[in-house]
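So you can see what is in the structure, the chains are spelled out below.
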Amino acid sequence: MPHSLSKEEVRRRLDEKQDSITGFVPGGMADVETSWASEDRMVMTIRAMGQEMNGNVDIEDGAVVFTVDLPMALSFVEPMIQGAIEQSGRKLLA
């Protein structure tokens, strides 16, 4: 997702709004834990629909890259999750 913010500002906004990430998971029935693996990478553990998924938010110059590893059992919802991440990512950076 492209952005025109400094890395520091992206980091600040993600930090400030990380509690709202849970509400961005489709269905709203998820438990999301976040932590910072490095200055430019937030890691997430998402528990939803009886599954556990891991993901990252990588802050780059001019872009934020969201990655979620879906288990095979949830691969059919990939388009829905991708859309939710794009929409939610914009809200996180706003």
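Above this note sits the structure.
Residues numbered from 1 in each chain as written. Predicted model: local features only at pLDDT ≥ 70, side-chain atom pairs only at ≥ 80, totals over all residues. Heavy atoms only, no water.

(A) How the structure looks around the pairing of strand β4 (residues 63–69). Here strand β3 (residues 51–60) pairs with β4 via seven bridges, running antiparallel. Of the residues in β4, the one forming a bridge with Gly55 is Val68. Turn length for the β3-β4 hairpin, with the two strands adjacent in sequence and antiparallel, is two residues, and the turn residue Gly62 shows positive phi of about 85°. (Pairing = 2+ DSSP bridges. Helix = DSSP H or I, 4+ residues; strand = E, 2+ residues; numbered from the N terminus.)

(B) Broad picture of helix α2 (residues 78–93). An ideal rise of 1.5 Å per residue puts 22 Å on 16 residues; α2 measures up with 22 Å between its terminal C-alpha atoms. Along α2, the residues classified as buried are Ile81, Ala84, Ser88, Gly89, Leu92 and Leu93. Buried positions in α2, seen along its axis, are confined to an arc of 145° and lie on one side of it. Among the exposed residues of α2, those pointing more than 90 degrees away from its buried face are Pro79, Gln87 and Arg90. Of the surrounding secondary structure, the elements contacted by the buried residues of α2 are α1 (7–17) and β4. (Expected span 1.5 Å × (residues − 1). Buried < 20%, exposed > 50% of the residue type's maximum accessible area, 1.4 Å probe, protein only. Arc of directions from axis to C-beta. Contact = heavy atoms within 4.5 Å.)

(C) Molecular detail of the sheet that holds strand β1 (residues 30–38). Read across the sheet, four strands follow the order β1-β2-β3-β4 without closing on themselves; strand pairing throughout is antiparallel. Two strands lie at the open edges of the sheet, namely β1 and β4, each paired on one side alone. In this sheet, adjacent strand axes meet at a mean angle of 20° when their direction is disregarded. As judged from the eight bridges shared by strand β2 (residues 41–48) and β3, these two strands associate in the antiparallel manner. Residue pairing for β3: Ala48 is matched across the bridge by Gln51. Where α1 meets the sheet, it contacts β1, β2, β3 and β4, and its direction lies at approximately 150° from that of β3. (Axes fitted to C-alpha atoms, helices over the stretch in contact; angles between N-to-C directions.)

(D) The layout of surface pockets, seen in detail. Reported here for the largest pocket is a volume of approximately 290 Å³. Phe66, Val68, Ile81, Gln82 and Ile85 are the residues nearest the centre of the largest pocket, which is lined by 13 residues in total. Looking at the lining of the largest pocket, the elements that each hand over two or more residues are β4 and α2. The element contributing the most residues to the lining of the largest pocket is α2, with six residues. (1 Å grid on protein atoms, 1.4 Å probe; cavity = no way out; pocket = protein on both sides within 12 Å on 5 of 7 lines; lining within 4 Å. Points joined across faces, edges and corners; volume = space filled by probe spheres on them.)

(E) Region of the structure containing α1. For α1, the full list of buried residues reads Val10, Arg11, Arg13 and Leu14. Projection of α1 onto a plane perpendicular to its axis shows the buried side chains occupying an angular sector of 165°, all on one side. In α1, the exposed positions that point more than 90 degrees away from the buried face belong to Glu8 and Glu16. On its buried face, α1 sits against β1, β2, β3, β4 and α2.

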